[in-house]
Amino acid sequence: MELSKNFIPGEADAKWYAHWMEKGYFNSTPDEREPYTIVMPPPNVTGVLHMGHCLNNTIQDILIRRARMQGKNACWVPGTDHASIATEAKVVGMLRERGIAKSSLSRDEFLAYAWEWKEKYGGIILQQLKKLGCSLDWNRTSFTMDEDYYNSVIKIFVALHNKGSIYRGKRMINWDVKAKTALSDEEVIRKETHQQLYYLRYQLVNEDGSPLSPDVVEGGGIIVATVRPETIMGDSAICVHPEDERYKYLHGKFALVPLINRRIPIITDEYVTMDFGTGALKVTPAHDLNDNLLGQKHQLEIIDILNEDGTLNEAAQIYVGEERFAARKKIVAELEVKGYLVKTENYTSEVGYSERTDTVVEPRLSLQWWVSMQDISTPALRAVMEEEIKFYPPKFKNTYRHWMENIKDWCISRQLWWGHRIPAWYDMDGNYVVAVNKEEADILFKQKYGQLPADNVQLFQDEDCLDTWFSSWLWPFEVFKGYSDPGNTDIKYYYPTNTLVTAPEIIFFWVARMIMAGFEYMGDQPFKDVYFTGIVRDKLGRKMSKSLGNSPDLLALIDQYGADAVRFGIMVSSPAGNDLMFDESTIEQGRNFNNKLWNALKLVKMWEGRNKVADDSIEMLEVSIEIKGLEEDPTVNNQLTTSNFATEWFTNRLNQVKGEVEILMQQFRLSEALKAIYSLIWDDFCSWYLEWVKPGFEQPIEVAVYRKTVAFFEELMQLIHPFMPFVSEEIHHLLQQQQTDLCITQYEKTLSPDAIILQQGELLKQVISALRDARNKNQVKPKETIQLHIQTADTVAFRAIENIISKQVNAAAVFYTSDTVANCIVVAVEKNKFYLESNQKLDNVTLKTDLLKDLEHQQQFLLGVQKKLSNEKFVQNARPEVLAMEQKKAADANARIKTIEESIAGLN
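These numbers come from a predicted model, not from an experiment. In this convention, every chain numbers its residues from 1, walking through the sequence in written order. It should be noted that, the model being predicted, local features are given only for residues of pLDDT at least 70 and side-chain atom pairs only at 80 or more, the latter also being counted only at that level, while totals for whole chains, interfaces and linings use all residues. Derived side-chain values reflect all non-hydrogen atoms in the structure, with water molecules and hydrogen atoms excluded from consideration.

Peer 1: Which residues make up the packing of aromatic side chains, and what values do they have?
Peer 2: Between rings of Phe, Tyr and Trp, where Trp is taken as its six-membered ring, a pair exists when centres lie within 6.5 Å; planes separated by under 30 degrees are stacked, by over 60 edge-to-face, and by other angles tilted. For the structure shown, the criterion picks out 47 aromatic pairs. When the ring of tryptophan 115 is compared with that of phenylalanine 143, the centres are 6.0 Å apart and the planes differ by 80°; the resulting orientation is edge-to-face. Taken as a pair, tryptophan 115 in helix α4 (residues 107-121) and phenylalanine 143 in strand β4 (residues 142-143) lie far apart in primary sequence, 28 residues in all. Taken together, a centroid distance of 5.7 Å and an interplanar angle of 50° make the contact between tryptophan 410 and phenylalanine 470 tilted. On the criterion of sequence distance, the pair formed by tryptophan 410 in strand β16 (residues 410-411) and phenylalanine 470 in helix α12 (residues 468-472) is long-range, its members being 60 residues apart. Phenylalanine 470 carries the same exposure label as tryptophan 410, and that label is buried. Strands here are runs of E lasting at least two residues and helices are runs of H or I lasting at least four, both read from the DSSP assignment and numbered beginning at the N terminus. Relative accessible area decides the class of each residue, using a 1.4 Å probe on protein chains only: under 20% of the type maximum gives buried, over 50% gives exposed, and in between gives partly exposed.

Here it is, written out as C-alpha cells:
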C-alpha cells in the first residue's frame, strides 16, 4: 500500500469514528471491572461548539480514553441542559420570524413551539462533539427535561419544601428586564462601567411642607449624588450619618423629590459614608438592595416605579412607559432646565449584567421561591476542605470555602414557561399547597385549609419555572436514575463518579450545588476529583467572544487541520486551572506533528521488506549468537552492539517517559504530559532512535531491530492515543496486521528505567551534536569522511556506541587514544575529548577562538552554579536530589573546563 505524502485527517477521522461506533467501544454496562465515570457538564441545547467546549471535552476524552486503555470500564455520559432563559429567547426569536408574539399564545401552545425548536436544533452540539473525536456513551444521552428527570426535579422541590428548606418570600432579587425573569447572584456578571455621577439639589421643607428659611440653609436644598437619577421618583427618604456635623440641623426635617415634589423624611443611619459624594444618600427601597435594608429598618414606604420590562410605570408619575435609560436622559435634561442639576462627574463602578442577555440587571423587590442553603451546605463544605473531593488546581479550595462560608439563600423561581414548572397550586385568595401533581394538591389543600377552593374554583398552578441549576444539580446521579429509580444497578456501579471537568466560573452555580445534592439525596459525594480548566483567550489576552470577533470557527478549524491537530493545539497550551492564550499556530504545530508521525511511518514501512535475515531464520540466528557469544564473531558483535544499544536505550527512555506521564496524569497536568510524549516522539524516537537504527543506503535492517522498532512505534501510539486518537489508530493499523483496535488496546506494563543506559544515551546525543557542530563550523562537507580519535577514561562505554557515532558523523574509522592527536579539530564533551582528523587543512586560529568562547561560557556557567552552592539558605532548604544535581553540574563543568584548557594548550 502506497502511503500519501502527508496524513489526511478528514478521511481517517470519519472512518475511525464510524468504526468505533459500529464496534460499540464507547458503550458501557456494569461488570466486574473497576468503573471510571465522567458525566459531561451538559451544554445548553442552544449551544454550538466553541473553543471552551473544545478544551473541556478534549480533556474529558483524554481521561476517558486513557481509563479505557487501562482496562477500566470507562463510562462518559453525554447530555444537554434545557437552558430556560437562553432557549426561551431562541423560541421567541423563531416566533417573531413567523410573525407570532409570545403574548398571543397560551402556555401549552408556546411549549409546543419550544419542543419543536429543541427537536430541530437541540442536538447540534452533541453531533459536533463527534467531529472532535469524543468517545461518549451515546446510548446514555440525557436531557434535563426527560420525563424521569423532570419528575425527580419536582419531587425534590416538594421534599425540600416539606422539610422547610424551600420557602416563598418577597425579597430583593436581580431582575433581567430583557428575559423578564429573576436571576441568582451567580448569574450576574459584575463589569467595570463608565457612568456619570449626578449631583441633584432637593428642596428642604418643614413637616407642614413649608420651605426652610434661606437663612437656615443656602439655596434651600440638600445635594445628593446618584448614578441613577431615573429612580428619584421612587425615593422614600434622604439619609445622613448621625455624626455628620454638616447635616445635624436637618435631623427630623423633610425634602421634596425633584420634578414630582413628593415630601420625604431626612433620616440618620451609620450606614452612610460621610466622605462619599456629599454625605447625603437618597434611599430608594424598591430599587436597591442596601436601600431596601435601610427601608425595612426605618419602616420607609416602598415605591416600585418600574415595570418588568424596565419601563417606568404609573407610580413614577412622569415619563410613564419610557425605557429606564431613555427616561434617564430626559429626566437629566429636565433637572438641568429646572435648576435641580448642580453638576456631573465621570464615575466608574461595577455594574451587574445578566449572564444570559448582557443587559444591566435591575434590583427589584419580588415574591419568589427560595432555598435555605445553610443546612444543606455543611457536608459539601467539609468534603472539599477535608479533601474527600480534591480540586485541581487546589487554589480553588479557598474560593469555594469563602463562598460556602458566606452562602446566601438561593432564588430558584424564574418567570419563564420553558423549564420545570414550580409544583405549587393556589386558590383565588392566594392560599397554596406544594404537591407533585394536581390530584395530590387537591387532597393537601383540603387537609390544610379544611375545604376545597372557594366557590369550587379549580386550583391553578404557579406560572413560574425553576432555575435551570435546580435541575442540573442532580446531574451526577439522575443521569443514572439514582433518584427516580433508587438502588438500581447503574447507580450502585457508577456512583460516585470519578472526575468532573468544568470551568471555575460555575464553581458556585453548579459544582457546589451538585456536591450538596449528592450528600442530600445519595448520601455520598458525587465525584472524587474536580479538574478546573482555564478560560480560552486570544493571544492578546482577551476572552473569546462573538462580539469581539476573536473566537475562531472551531468546526472550520477541524475541517482544515483535522481533529487531532485541534486537540493538540488546545491542550499543548492549557495549564491546569490557568487561562490559556490560544494561537492558531499551536494547531499548525499539531498538524506538523501529525505529518512527523506519518513520515516516521513511511520510513519504517520502507524497511519492512529490507530485513537482513528472513523471518524463518531469526530463531537460528538467535540460537547461534547465544551459543557462540557476541565476542566470538566481531562482525555480528559490531552490528548487534549498535542495534542493541539503540533499542535498549529507547526501551528505557520509553519506560522513563511512561512513568513521568503516569504521574503527570494523576496530578491532572495533562498539558505537561502531552509535551513529554511529544518530545519523546519528535526528538527521541524520530530524530535520534530512527537515525541510529536506520540502515545505510539500500542496506538491509536486522529483523529483530525492525520488529523492536515497530513495537516501539505501537507503544508510542498507545501513549499519544488519548490526546490524538485518529492518527494514532490509523498508524496502529498501517504498521502491521492487528488483532485489536488501538482504541481498546491495554497499556503495557511500565518498567523501571536503567539510569546508566539513559545517561549513556544522553552522552551519545551530546557527542553526536558536538561533533556535527564541529564539522559544520570547520566547513567539513557532509560527504567527506573523517578519522575519529576518542580520548576517554571509559573506553568500554564508547565501544558500545562507536558504530552509532561513526555513522552519525560520517567517520570512516574510530580509534582510541590516551594522548592528544595533532592537527585535528578538538571537541570536548564532559570529561572526554574527540579529535576529528580530516584531509582538510585546519585553521588553528579559528579553532582556538571557538575553544576560548566555549571556555568563557563554561566558566560563567560554573560561576552561576558555585554561587548557588555557596548560598547557605539554598543548601539548607534544597531537596537532597536537587543539591546533588547542582553539585554534579559543578563537577561536570570543571571537567569540561579542564578539557578545553588542555585542547587550547595543544594548539599552541
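Peer 1: Give me the lowdown on the environment of glycine 562, citing residues and values where you can.
Peer 2: With respect to the element layout, glycine 562 can be found in the loop between α16 (554-561) and α17 (563-571). We classify glycine 562 as buried; its relative accessible area is 2%. Considered as a pair, glycine 562 and glutamate 608 are 46 residues apart in the sequence and their alpha carbons are 28 Å apart. Whether two residues are in contact is decided by their heavy atoms: any pair within 4.5 Å suffices. In this structure glycine 562 touches Pro9, Asp13 and Leu557, once residues within four positions along its chain are discounted.

Peer 1: Provide a residue-level description of helix α23 (residues 725-735), including the pertinent values.
Peer 2: Of all eleven residues that make up α23, ten are buried, and the element is covered over most of its length. Here α23 has its buried residues at Pro725, Phe726, Val727, Ser728, Glu729, Glu730, Ile731, His732, Leu734 and Leu735.

Peer 1: Just give me the short version of unusual backbone geometry, but keep the residues and values in it.
Peer 2: Of the consecutive residues tyrosine 392 and proline 393, the connecting peptide bond is found in the cis state with omega at -5°. Secondary-structure assignment places proline 393 in the loop between β15 (390-392) and α10 (396-405). Unlike most non-glycine residues, lysine 180 shows phi in positive territory, near 55°. Summarising the element assignment, lysine 180 is placed in the loop between β5 (166-176) and β6 (181-183). Non-glycine residue asparagine 810 carries a positive phi angle of around 55°. Within the secondary structure layout, asparagine 810 lies in the loop between α25 (795-809) and β27 (811-816).

Peer 1: Give me empty space enclosed by the protein: which residues, what numbers.
Peer 2: Site definitions follow a grid-based scheme: protein atoms alone, a 1 Å grid, a 1.4 Å probe that fits but cannot get out for cavities, and for pockets an open set with protein on both sides within 12 Å along at least five of seven lines, plus lining residues having an atom within 4 Å of a point. Grid points are joined across faces, edges and corners, and a volume is the space filled by probe spheres set on the points. Summed over all chains, the structure comprises one cavity of 30 Å³ or more. Within this model, the largest cavity holds a volume of roughly 70 Å³. Along the walls of the largest cavity sit Ala83, Ser84, Ile85, Glu187, Glu355, Arg356, Arg414, Asp467, Thr468 and Trp469, which together make up its complete lining. Looking at the lining of the largest cavity, the elements with two or more residues in it are α3 (84-97) and α12. Classifying every residue of the lining of the largest cavity gives three nonpolar, two polar and five charged. When residues are grouped by polarity, Ala, Val, Leu, Ile, Met, Phe, Trp, Tyr, Cys and Pro land in nonpolar, Asp, Glu, Lys and Arg in charged, and all others, Gly among them, in polar.

Geometry only, nothing functional implied.
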